[in-house]
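# Observations on chain architecture
Here is how the chains run, residue by residue.
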Amino acid sequence: MATLNTLRTKGGVFLIVVIAVALVAFLLGDLSSLGGGMNSKKMRIGTINGTHVNYIEFLTEAENTTNVLQTLYGQAALQADQIDQVRQSVWESMVIKNAYMPGFEKLGISVGDAEMLDMSNGEYISPIVQNVFSNPQTGAFDPAILQNFVASLEYNAAYQPVWNYLTDQMSSERAMSKYVNLVRAGVYVNS
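Since the model is a prediction, treat every value here as computed from it, not as a measurement.

### Topic: the overall build of the protein
Helix and strand counts for the protein come out as seven helices and two strands. Counting helices and strands in the order they occur from the N terminus, the protein gives α-β-β-α-α-α-α-α-α. Among the 191 residues that make up the protein, the fraction classed as buried is 22%. The long-range fraction of contacts in the protein, counting pairs at least 24 apart against all pairs at least 6 apart in sequence, stands at 57%. Element-wise, carbon and sulfur atoms account for 59% of the exposed surface of the protein, whose accessible area totals about 13600 Å².

As structure tokens, this is what we get:
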């Protein structure tokens, strides 16, 4: 009887200590499973040319692109197929950035400021600019729409990410075009 009484009075303290140790071990085990935060192997969605692509980085880029497209086309939300296209486009842009661009730099392929200016309002307008700034009635490129958009960049801060996105796309497209033309010109079949 004395043993039961001792267990009943002092067993509560022992039980609290066991529960506290188990709880601390559970929390420490959970923290160590994260692997040091967001750079864990669990958060990687792929590797491009030796560069690990983090899920959070990919998701942030997809969200930014979604916001740009919503602003550009005046939509409140994108449909499911458009979201899939955005994700595919973001992945392709990450491939270009991590796999192609380093090679382009080694080859000396670059897009200068004068060339960027020419692609937006010069003789050789980029197809990206032509598609985005086309007249809705005719479907043809309208330089006035582009000029109004560029003029509104100072006054409307929401348009700056759109313009940055478009210039990045134009630069990537032109660098890729230069590379394809370089390879095409280098292919020679003799008779």
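Right, picking up where we left off after that structure.
### Brief notes about unusual backbone geometry
A positive phi angle, close to 55 degrees, is found at Asn49, a residue other than glycine. Assignment of secondary structure puts Asn49 in the loop between β1 (44-48) and β2 (51-54).

### Examining the pattern of salt bridges
Scanning all chains against the criterion turns up two salt bridges. Between Arg174 and Glu115 there is a salt bridge, with its nearest N and O atoms 3.2 Å apart. With Arg174 in helix α7 (residues 159-186) and Glu115 in helix α4 (residues 113-121), this residue pair connects regions lying 59 residues apart in the sequence. With relative accessibility at 17%, the residue Arg174 sits in the buried group. Put simply, Lys178 and Glu115 hold a salt bridge, and the shortest N to O gap is 2.9 Å.

### Digging into the pairing of β1
One ladder, built from four bridges, connects β1 with β2; its direction is antiparallel. From the neighbouring strand, Arg44 faces β2, where its bridge partner is Asn54.

### Brief notes about the packing of aromatic side chains
Throughout the structure, instances matching the rule amount to six aromatic pairs. Centre to centre, the rings of Phe149 and Tyr159 are 5.0 Å apart; their planes meet at 35 degrees, and the pair counts as tilted. Highlighted residues: Phe149 in helix α6 (residues 143-151) and Tyr159 in helix α7, separated in sequence by 10 residues. The interplanar angle of 45 degrees and the centroid separation of 6.1 Å between the aromatic rings of Phe149 and Trp163 together place this pair among those described as tilted. In this pair, Phe149 sits in helix α6 while Trp163 sits in helix α7, placing the two residues 14 residues apart along the sequence.

### What about the confidence of the model for the protein?
Averaged over the protein, the pLDDT score is 83; the fraction of residues at 70 or greater is 83%. When mean pLDDT is taken per element in the protein, α7 scores highest with 91 and helix α1 (residues 2-33) scores lowest with 65.

### With respect to α4
Residues Met116, Met119 and Ser120 constitute the buried set of α4. The buried residues of α4 occupy an angular sector of 95 degrees when the element is viewed end-on, so they sit on one face. Away from its buried face, by an angle of more than 90 degrees, α4 presents the exposed residues Ala114, Leu117 and Asn121. Structurally, α4 contributes buried residues whose contacts are with α5 (127-132), α6 and α7.

Procedures and definitions
- Residues numbered from 1 in each chain as written.
- Predicted model: local features only at pLDDT ≥ 70, side-chain atom pairs only at ≥ 80, totals over all residues.
- Heavy atoms only, no water.
- Helix = DSSP H or I, 4+ residues; strand = E, 2+ residues; numbered from the N terminus.
- Buried < 20%, exposed > 50% of the residue type's maximum accessible area, 1.4 Å probe, protein only.
- Contact = heavy atoms within 4.5 Å.
- Areas by Shrake-Rupley, 256 points an atom, 1.4 Å probe, with all protein chains shown as cover.
- Salt bridge = Lys/Arg side-chain N within 4 Å of Asp/Glu carboxyl O.
- Pairing = 2+ DSSP bridges.
- Phe/Tyr/Trp six-rings, centres within 6.5 Å; stacked < 30°, edge-to-face > 60°.
- pLDDT = per-residue confidence, 0-100.
- Arc of directions from axis to C-beta.

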